[in-house]
Protein chains: 8
Amino acid sequence: MHGYDELNFAKLDSDRKQRTGFAEVVFCSGKSVDHLESIYKHILEIEGEVLGTRATKEQYEALKASFSDIVYDEVSHILKIEKTDKTYAGNVVVCTAGTADIPVAEEAAQTAEFFGTKVNRIYDVGVSGIHRLLSKTEELQAANCVVAVAGMEGALPSVIGGLVKNPVIAVPTSVGYGANFGGMSALLTMINSCANGIAVVNIDNGYGAGYLATQMNRLALK
Amino acid sequence: MHGYDELNFAKLDSDRKQRTGFAEVVFCSGKSVDHLESIYKHILEIEGEVLGTRATKEQYEALKASFSDIVYDEVSHILKIEKTDKTYAGNVVVCTAGTADIPVAEEAAQTAEFFGTKVNRIYDVGVSGIHRLLSKTEELQAANCVVAVAGMEGALPSVIGGLVKNPVIAVPTSVGYGANFGGMSALLTMINSCANGIAVVNIDNGYGAGYLATQMNRLALK
Amino acid sequence: MHGYDELNFAKLDSDRKQRTGFAEVVFCSGKSVDHLESIYKHILEIEGEVLGTRATKEQYEALKASFSDIVYDEVSHILKIEKTDKTYAGNVVVCTAGTADIPVAEEAAQTAEFFGTKVNRIYDVGVSGIHRLLSKTEELQAANCVVAVAGMEGALPSVIGGLVKNPVIAVPTSVGYGANFGGMSALLTMINSCANGIAVVNIDNGYGAGYLATQMNRLALK
Amino acid sequence: MHGYDELNFAKLDSDRKQRTGFAEVVFCSGKSVDHLESIYKHILEIEGEVLGTRATKEQYEALKASFSDIVYDEVSHILKIEKTDKTYAGNVVVCTAGTADIPVAEEAAQTAEFFGTKVNRIYDVGVSGIHRLLSKTEELQAANCVVAVAGMEGALPSVIGGLVKNPVIAVPTSVGYGANFGGMSALLTMINSCANGIAVVNIDNGYGAGYLATQMNRLALK
Amino acid sequence: MHGYDELNFAKLDSDRKQRTGFAEVVFCSGKSVDHLESIYKHILEIEGEVLGTRATKEQYEALKASFSDIVYDEVSHILKIEKTDKTYAGNVVVCTAGTADIPVAEEAAQTAEFFGTKVNRIYDVGVSGIHRLLSKTEELQAANCVVAVAGMEGALPSVIGGLVKNPVIAVPTSVGYGANFGGMSALLTMINSCANGIAVVNIDNGYGAGYLATQMNRLALK
Amino acid sequence: MHGYDELNFAKLDSDRKQRTGFAEVVFCSGKSVDHLESIYKHILEIEGEVLGTRATKEQYEALKASFSDIVYDEVSHILKIEKTDKTYAGNVVVCTAGTADIPVAEEAAQTAEFFGTKVNRIYDVGVSGIHRLLSKTEELQAANCVVAVAGMEGALPSVIGGLVKNPVIAVPTSVGYGANFGGMSALLTMINSCANGIAVVNIDNGYGAGYLATQMNRLALK
Amino acid sequence: MHGYDELNFAKLDSDRKQRTGFAEVVFCSGKSVDHLESIYKHILEIEGEVLGTRATKEQYEALKASFSDIVYDEVSHILKIEKTDKTYAGNVVVCTAGTADIPVAEEAAQTAEFFGTKVNRIYDVGVSGIHRLLSKTEELQAANCVVAVAGMEGALPSVIGGLVKNPVIAVPTSVGYGANFGGMSALLTMINSCANGIAVVNIDNGYGAGYLATQMNRLALK
Amino acid sequence: MHGYDELNFAKLDSDRKQRTGFAEVVFCSGKSVDHLESIYKHILEIEGEVLGTRATKEQYEALKASFSDIVYDEVSHILKIEKTDKTYAGNVVVCTAGTADIPVAEEAAQTAEFFGTKVNRIYDVGVSGIHRLLSKTEELQAANCVVAVAGMEGALPSVIGGLVKNPVIAVPTSVGYGANFGGMSALLTMINSCANGIAVVNIDNGYGAGYLATQMNRLALK
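Residues numbered from 1 in each chain as written. Chains lettered and ligands numbered in written order. Predicted model: local features only at pLDDT ≥ 70, side-chain atom pairs only at ≥ 80, totals over all residues. Heavy atoms only, no water.

1. Let's talk about the overall build of chain A
When its secondary structure is counted, chain A shows 9 helices and 11 strands. Against the compact-globule benchmark of 17 Å for 222 residues, chain A has a radius of gyration of 18 Å, which places it among compact chains. Considered along the principal axes of its C-alpha atoms, chain A spans approximately 50 × 45 × 30 Å. A burial count over chain A gives 67% of its 222 residues as buried. Look at the contacts in chain A between residues 6 or more apart in sequence, and 66% of them connect residues 24 or more apart. (Helix = DSSP H or I, 4+ residues; strand = E, 2+ residues; numbered from the N terminus. Rg over C-alpha atoms; globule rule 2.2 N^0.38 Å. Buried < 20%, exposed > 50% of the residue type's maximum accessible area, 1.4 Å probe, protein only. Contact = heavy atoms within 4.5 Å.)

Following this line, the structure appears as structure tokens:
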């Protein structure tokens, strides 16, 4: 027994939940409908639910026939079959600098919620109108961790990092133009921040931020 | 009252501990002896101890006259005056890929310890001899978080991320040669990892990793 | 006699097989149907078979009329006319980190097979679920060389390099998002690996990897 | 008459003050003592004073013999002979994120002062302790323009830009480590800021910022 | 009272005009018609006019029904509702190196005009035919500031900077091919210019240049 | 008289031929049909012929109505009206590494021919089959200059540079994949060549190479 | 038993020779004399010989006291204790483009020799004087693999790749100036080569090339 | 006979003058005194003179003993033994933007002179004081080619290119600070210039520019 299930085209890591506390999540981007169907079916049998990210509307339309309970969110591009009796615990804040950063923030928020985390959304609080952010100081300080999502205002995590006790997960987004290099400029801003307690993930990686936020939230719940 | 103390050349953030749970830490690199002395004295009065990073041996020699209890560590370049009655709680693992990554790892470990964290060091477990890492699996899984420090083996956090429940803090180092770009290649490897639960900090930023590890450890201790 | 055949628009290197042991291979991308037809006809006459890479389905449809034996593979984008009496010798393993890396891996595997190499495919063994890879250790150690194909897990060749006696050919792929820079991040990870015996080829260059693997396999067969 | 003075090794732009309102300034870095002496003498004769930037202490020691009134500032590396009857007009604020940014800020401030600008210094107001900056809001709003100097906190100009009516001149510095790329990360942060009214100059270019601030201040004085 | 209006999806900074002298401007790119309509309505009520940038013709067609006075300019992509009794004051020159830079220049010029600035356009005066630029020297010297827009001729601001008393706002554009890196080469040319008084904004950021030019023009009008 | 003609949207440099020996050439990319028509008409009146580069087939179709003699070449994307009595002098070789580099080479060759240069084309002589190139050594040595066009084989100019007396104009192309960075890798190879007499132009800049080759050829004809 | 030996500061991979056929090699750069002594002693006991790379003369002087048989080569910076009864088998060619590339080539050659490989050195055969290389064609074709070392002439592996049947290991060096980016330009040239059978290693990584060459040579010897 | 002389450590290309019209030139940087002595002696015997570039004063001091006629120039770092009866023909202008660019310009000028070219130096004519350059228009137009050397004013070749009939050789220098990237920004400015007739060489490559200028000058002299 190798701790994985051999599908024709993939090795599903059936041992993962045991090791990490999280079932396998499907990265839908670029996968064929046949493959997706096979993977969703396999995970659904074991877990009773499935979370998929970066799905297209076309994939959703195609899978609806086989999975009547499947749900698609056009903002976050999450495609999931979810248990109906979920409860949410802890406190994670997800905030954005601008409205264009919301899709990535929603991927983070909905991922965290899928894994049982209670999420508080605070959107459009970029630092160029700092009073909007400061009016939420108490909510930020109450969170077990803060996810800060920003493309054109890489400064957001720095300012938050100076206000709170708990970790800030910084998510650069590819939103912007000119010298933003598809989000690389925001990533560099966040990595170089001299504020403390800033944990950076990949550009547009809302899923990774939601996963990490869940881990931190679970530490506080233990 | 503005929540900071105006020194001649700096504004010490006296309100910081209240907001973030951490007293101000001194980044010694490039500071004159006069300025250092003034800052150490100021923080010592308020906190009863001081942590400084990136100090040189020359700065240590110069400050010894004024602060008899000051201690310098040549590996981590930490220069501190520390309370003697400390206790350590929780469980953070700090590991390195190679022996050349140890200075950055020590900055992380000693920072975390200064803030009361119990640290378990596992050094020289790079993935090109994977059995060395796998022999430590249980220790890794027992930690509240793992700090993984690596310059030439950016893969280390990915492998650990697949083995554990809790967050992995990835610290790229500037160790290496050729196309390592002063650590940028390791940073990119870590940021792009498709393992989950990887939080990246700046190149050689052991201090930031130790701070973040302390925050996560404190979440688990609450 | 110059050792090449002057077509109207190209100089086919008819001397190549003599020098290198490999007949000329057609890089189909961007070539017009007229040119392709002329080149395929020319090589077919001399070699009795033709290998083309990076072909589109449209090119295949257009050439079918002239070459009834032509075969197109939609995964690898290989378009070939092949002798029917081939035998395969030696032992080359082609493995991938994820399922999205399979098209590049297939270009490598089918290229090697076209040149008479026996190929063993091991797909979806990325290092974030390391037990999947370790369960194949014996197969990896038995190969004359291993082709390791990865976009988001540049660490794969490093781990394999530490397990085997023979060379590892590392193929970065452009699969990924965010700071992957079209595969450059994976390339840098592989080039900087401190594991030994890692030979790197260009991003998505499955063909080059299959060629190099064939050369190494032939060394072992001599 | 060409509007310049031909020295042996240079063409001094004697027409410049007429065209731009500023006499020629000497970039001392790398110039030999002979050349410096000749240039200072030439400008002194015409203008009655000379401003030089990026001078070393050695250059100062060497020129003291010839110019008894010459003054050197070790922080800003400015080497000047200045008229004694200067008055200062207008209102420019020069602020820094950290104490390590002060040398560049001083180059800006002293350049502006040399050209008759009244300067208000506000140092060490980085955004990770945002209350320090906000306590100075009124002073910032009163300025004809604000020069914001920062290496590790590229966010500083964004926050200020959202608070004031007048332009903010953003000066990235090479202060920092890791992925700061000698100031390029700070420069990208500032260029990509979605705050309005941010004018960026080259890394460590305090002189350019002081010049630009003087131009803006003069507009307000007209 | 927090100084902003909570829309469902955004926090409109109603306090901004008070702080900065400019009402909020809408960055239309990527916004849904519903959101745009809501934002335009909100701002129109408060300000009596609205300026939007980076709008598409489709957005214009969709909003025409609700806002009969809305006007769209296909060159600058500005979508606005404007008061009819405007007067223009001061003197700002907007110039371009080539004809392909005109769309960015128009975004700058029309933004400045919306905020009451008098604009003088001088287009197609690139430095490779320097007599075209020099024939306009007097107009350039008369301006309170000059906006210089260029993609393939990053040298334009340097030459102008040497001719005038007042600031030059340099706007790199993404126009070009080959090694222009989407405008990054022009940006670097402008940032490194050894001419004085050059203020650089982001690539293609005509809006930012128009805003900054308005601020400078207002300084002169005070 | 300023030495240019003011069209509505452009300043045609009517003085250029006098200064440089070349009439103005039209960069068609992105220009509207109206503008093109106006410019072609204007230049045709003065010069009796017009050369345009980077034209689309659509632009050609649209201009055919107004200019019956206009000719379009689909390989080089050159759109021209040319005098019929041309003679060609001198000797310029244009060569390519691969067949995919031919479009750029043709832009160079046809530009040079438009300006009266005699061109000798040698295509598909990449260095990986070096005998093809060496068989042309005499032709290369006879040329007044050699234009070497290459995307995946940046080495071509180096080898030629070592064989000939006269200058080699190196043109990197964007042909390639993986780590070619749109031609930047070829450009760097060419710029760093330790062969002598290599003059590099921008990526895909066939026009610039043809212009430069014409200048060199004219030097030899004087 | 974990398959490694725990030194105080490192985990020596005692299982490595069993897995990979190569004993552990010491990367001396930056290691203290104490650590080096301990590691050399440990490996010497097990293997009867030790290979170290990137050693300084100072390290050699310090270790001479403890190891009388230790030998240092100033060109390759190899510091080794070697068995005296070695025989060399197979055939590997190591060649360089210029004389400045020899240190890296010697690291490759001497590493291969330490592991029992017969090496044929061909230095200073850069492609800008191609006849020097071509005069060695037969020797190149006779090798089991060719190591091609080059900094300013990244083209060398491409030309060799077109001449031989067996793999070419391309080693970029940091030799050069200007836009060579510490060897990155040579690396990109080699990675993008359209010649076949090119395996690239890190910049200046002579050791890695020698290791890989040994692996290939051993395949041929089996 | 292979057309080269085998020294112990190098293959001197004795056939080069025959092929290219230029004897071999010595790149002194990093060469040992022994090697230099041997190479200078060898070339001196054949050519009666030797040109070396990038030499240090130490190399000069060491070689003086053996070669009494050897001459060293501290500005250009050229170390040469030259025939005394030289005459200079043609007309090449070498100009610089600033005084700091003179060392590179001198390498170009003296290289050209060594090969018999008549050189006209025009230094310190950067475009930020454009009247200095324009006052030299006739001299520029009279040259067979112009070498334009610039680090902080990459625009210089563009402006000259628009003024002259003959080619402009653009030499970026590493002079500058901030975002100049060791000359890469100047290189990009020059490569992207939309002026015509610009031939770019490597950063600081005065020698290459002088060589290329000599080739062009010789074309005109034929």
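2. Quick look at the interface of chain C and chain F
Listed per partner, the contact involves 19 residues of chain C and 17 residues of chain F. Buried area between chain C and chain F, both sides added, is near 1,400 Å², and the carbon and sulfur share of it is 56%. Between the two partners, chain C and chain F, sit 0 salt bridges. Our count for the chain C to chain F interface comes out at 9 residue pairs in polar contact (both at pLDDT 80 or more). Every element with two or more residues in the side of chain C that touches chain F is listed here: α1 (16-20) and α8 (184-192) of chain C. Residues belonging to the side of chain C that touches chain F are distributed by class as follows: 7 nonpolar, 4 polar and 8 charged. (Buried area = accessible area lost by both parts, 1.4 Å probe. Salt bridge = Lys/Arg side-chain N within 4 Å of Asp/Glu carboxyl O. Polar contact = N/O pair within 3.5 Å; in protein donor to acceptor, adjacent residues only side chain to side chain. Nonpolar A, V, L, I, M, F, W, Y, C, P; charged D, E, K, R; others polar.)

3. What to know about the sheet that holds strand β4 (residues 50-53) of chain F
All names here are of chain F. A sheet is described by the order of its strands in space; here 4 strands give the open sequence β3-β4-β6-β5, paired in mixed fashion. Two strands lie at the open edges of the sheet, namely β3 (26-27) and β5 (71-73), each paired on one side alone. Bridge count between β3 and β4: 2 bridges; the pairing is parallel. Its bridge partner being in β4, Val-26 is matched across the sheet by Gly-52. Of the strands in this sheet, β3, β4 and β6 (78-81) are in contact with helix α2 (residues 33-47), which crosses β4 at around 145 degrees. (Pairing = 2+ DSSP bridges. Axes fitted to C-alpha atoms, helices over the stretch in contact; angles between N-to-C directions.)

4. Observations concerning the interface of chain H and chain F
Contacts between the two partners involve 34 residues from chain H and, on the opposite side, 35 residues from chain F. Taken together, the links from chain H to chain F amount to 13 residue pairs in polar contact (both at pLDDT 80 or more). Within the residue set of the side of chain H that touches chain F, elements represented by two or more residues are α1 (16-20), α8 (184-192), β11 (198-200) and α9 (206-221) of chain H. The biggest single contributor to the side of chain H that touches chain F is α9(H), with 7 residues. For the side of chain H that touches chain F, the per-class residue count stands at 18 nonpolar, 12 polar and 4 charged.

5. Focus on the packing of aromatic side chains
Applying the stated rule across the entire model yields 64 aromatic pairs over all chains. Between Tyr40(G) and Phe67(G), the ring centres sit 6.1 Å apart and the planes meet at 50 degrees, which makes this aromatic pair tilted. Taken as a pair, Tyr40(G) in helix α2 (residues 33-47) and Phe67(G) in the loop between α3 (57-64) and β5 (71-73) lie far apart in primary sequence, 27 residues in all. Comparing Tyr40(G) with Phe67(G) shows no difference in burial state: the two are buried. Ring geometry for Phe114(H) versus Phe115(H): centroids 5.5 Å apart, planes at 90 degrees, classification edge-to-face. Residue classification places Phe114(H) among the buried residues on the basis of a relative accessible area of 6%. Its relative accessible area of 14% is what places Phe115(H) among the buried residues. Following the ring pairs from residue to residue traces out a cluster consisting of Phe22(A), Phe114(A), Phe115(A), Tyr207(A) and Tyr211(A). (Phe/Tyr/Trp six-rings, centres within 6.5 Å; stacked < 30°, edge-to-face > 60°.)

6. Quick look at the relation of the copies chain C and chain F
Superposition record for chain C on chain F: RMSD 0.0 Å, screw rotation 90 degrees, translation along axis 0.0 Å. Both chain copies can therefore be described as sitting about a four-fold axis. Distance from the rotation axis, computed per C-alpha, reaches its smallest value in chain C at Phe181(C): 6.9 Å. (Least-squares fit on C-alpha atoms with pLDDT ≥ 70 in both.)

7. Some words on the arrangement of the chains
Taking C-alpha atoms only, the smallest gap left between chain B and chain E, which are not in contact, amounts to 20 Å. At their nearest point, the C-alpha atoms of chain B and chain H are still 14 Å apart, with no contact between the two.

8. Section: the relation of the copies chain H and chain F
Both copies of the chain are related by one operation, a rotation about an axis with a shift along it. Taken as rigid bodies, chain H and chain F are interconverted by a rotation of 180 degrees and an axial shift of 0.0 Å, the fit giving an RMSD of 0.0 Å. A rotation of that kind, with that shift, is consistent with a two-fold axis. Here 100% of the contact residues of chain H are again contact residues in chain F; the copies associate through an equivalent surface.

9. Focus: helix α9 (residues 206-221) of chain B
In this model, α9(B) (16 residues) spans 22 Å end to end at C-alpha, consistent with the 22 Å of a helix rising 1.5 Å per residue. Of all 16 residues in α9(B), 14 are buried, a share of seventy percent or more. (Expected span 1.5 Å × (residues − 1).)

10. Some thoughts on the domain arrangement of chain A
Residue and element names in this part refer to chain A. Assigned domains of chain A: these are domain 1 (5-81) and domain 2 (89-221). A straight line from the C-alpha centre of domain 1 to that of domain 2 covers 26 Å. Here domain 1 meets domain 2 over a buried area of about 1,300 Å², counting both sides, of which 64% is carbon and sulfur. Our enumeration of links across domain 1 and domain 2 arrives at 1 salt bridge. Among the ionic pairs, Arg-54 bridges to Glu-107, the shortest N-O distance being 3.6 Å. Between the two partners, domain 1 and domain 2, sit 4 residue pairs in polar contact (both at pLDDT 80 or more). Secondary-structure elements contributing two or more residues to the side of domain 1 that touches domain 2 are β4 (50-53) and β6 (78-81). A breakdown of the residues in the side of domain 1 that touches domain 2 according to their chemical character gives 7 nonpolar, 4 polar and 4 charged. (Domains from an automatic or database assignment.)

11. What to know about the packing of helix α4 (residues 102-114) of chain H against α9(H)
Any two packed helices are characterised by how steeply their axes cross, that is the angle between the axes, and by the distance between the axes. All names here are of chain H. Packing of α4 against α9 leaves a shortest axis separation of 7 Å and a crossing angle of 35 degrees. The handedness of the crossing between α4 and α9 comes out as right-handed. For the pair α4 and α9, the contacting residues are Val-104, Glu-107, Ala-108, Thr-111 and Ala-112 in the first and Gly-206, Tyr-207, Ala-209, Gly-210, Tyr-211 and Thr-214 in the second. Residues that form the contact of α4 with α9 fall into these classes: 6 nonpolar, 4 polar and 1 charged. (Left-handed = near helix turned anticlockwise from the far one by under 90°.)

12. A short note on the sheet that holds strand β6 (residues 78-81) of chain H
Read across the sheet, 4 strands follow the order β3-β4-β6-β5 (chain H) without closing on themselves; strand pairing throughout is mixed. In this open sheet, the two edge strands, each paired with only one partner strand, are β3 (26-27) and β5 (71-73) of chain H.

13. Thoughts on the environment of Leu140(D)
Residue and element names in this part refer to chain D. The topology assignment puts Leu-140 in helix α6 (residues 137-142). Judged by its relative accessible area of 1%, Leu-140 falls in the buried class. C-alpha of Leu-140 to C-alpha of Lys-165: the two residues are 25 residues apart in sequence and 9.4 Å apart in space.

14. Concerning the side chain of Ser158(A)
Structurally, Ser158(A) can be placed in helix α7 (residues 156-161). Ignoring any residue separated from it by four or fewer positions in sequence, one finds Ser158(A) in contact with Ser193(A), Ala195(A), Ile198(A), Val127(D), Ser128(D) and Glu153(D).

15. What to know about the state of the cysteines
Throughout the structure, instances matching the rule amount to 0 disulfides over all chains. Cys95(A) provides the cysteine sulfur closest to Cys145(A), a residue in no disulfide bond, and the two sulfurs are 11 Å apart. (Disulfide = S-S within 2.5 Å.)

16. Some words on the packing of helix α9 (residues 206-221) of chain C against helix α9 (residues 206-221) of chain G
At a minimum axis separation of 5 Å, α9(C) and α9(G) run at an interaxial angle of 40 degrees. Relative to α9(G), the element α9(C) is oriented oblique. Residues Met216(C), Leu219(C) and Ala220(C) of α9(C) touch α9(G), and the partners they reach there are Met216(G), Leu219(G) and Ala220(G). A class-by-class count of the residues in the contact of α9(C) with α9(G) yields 6 nonpolar, no polar and no charged. (Parallel < 35°, antiparallel > 145°, perpendicular 65-115°, else oblique.)

17. Some words on unusual backbone geometry
Positive phi values are uncommon outside glycine, yet Asp124(F) reaches one of about 65 degrees. One can find Asp124(F) in the loop between β8 (117-122) and α5 (130-134).

18. Let's talk about the pairing of strand β8 (residues 117-122) of chain G
Residue and element names in this part refer to chain G. In this structure, strand β7 (residues 89-96) lies alongside β8, joined through 5 bridges in parallel fashion. Residue pairing for β8: Val-94 is matched across the bridge by Arg-121. With helix α4 (residues 102-114) bridging β7 and the parallel β8, this β-α-β connection has right-handed handedness. (Right-handed = clockwise from strand over helix to strand, strands pointing away.)

19. Description of the pairing of β6(H)
Within a regular strand, the side chains alternate between the two sheet faces. Residues and elements named next belong to chain H. Side chains Ile-78 and Lys-80 of β6 all project onto a buried face; the interleaved residues Leu-79 and Ile-81 project onto the opposite face, where all are buried too. Both strand β4 (residues 50-53) and β6 contribute to a ladder of 3 bridges, which runs antiparallel. For Gly-52, the partnering residue across the bridge sits in β6 and is Leu-79. Between β5 and the antiparallel strand that follows it, β6, lie 4 residues; His-77 among them carries a positive phi value of about 60 degrees.

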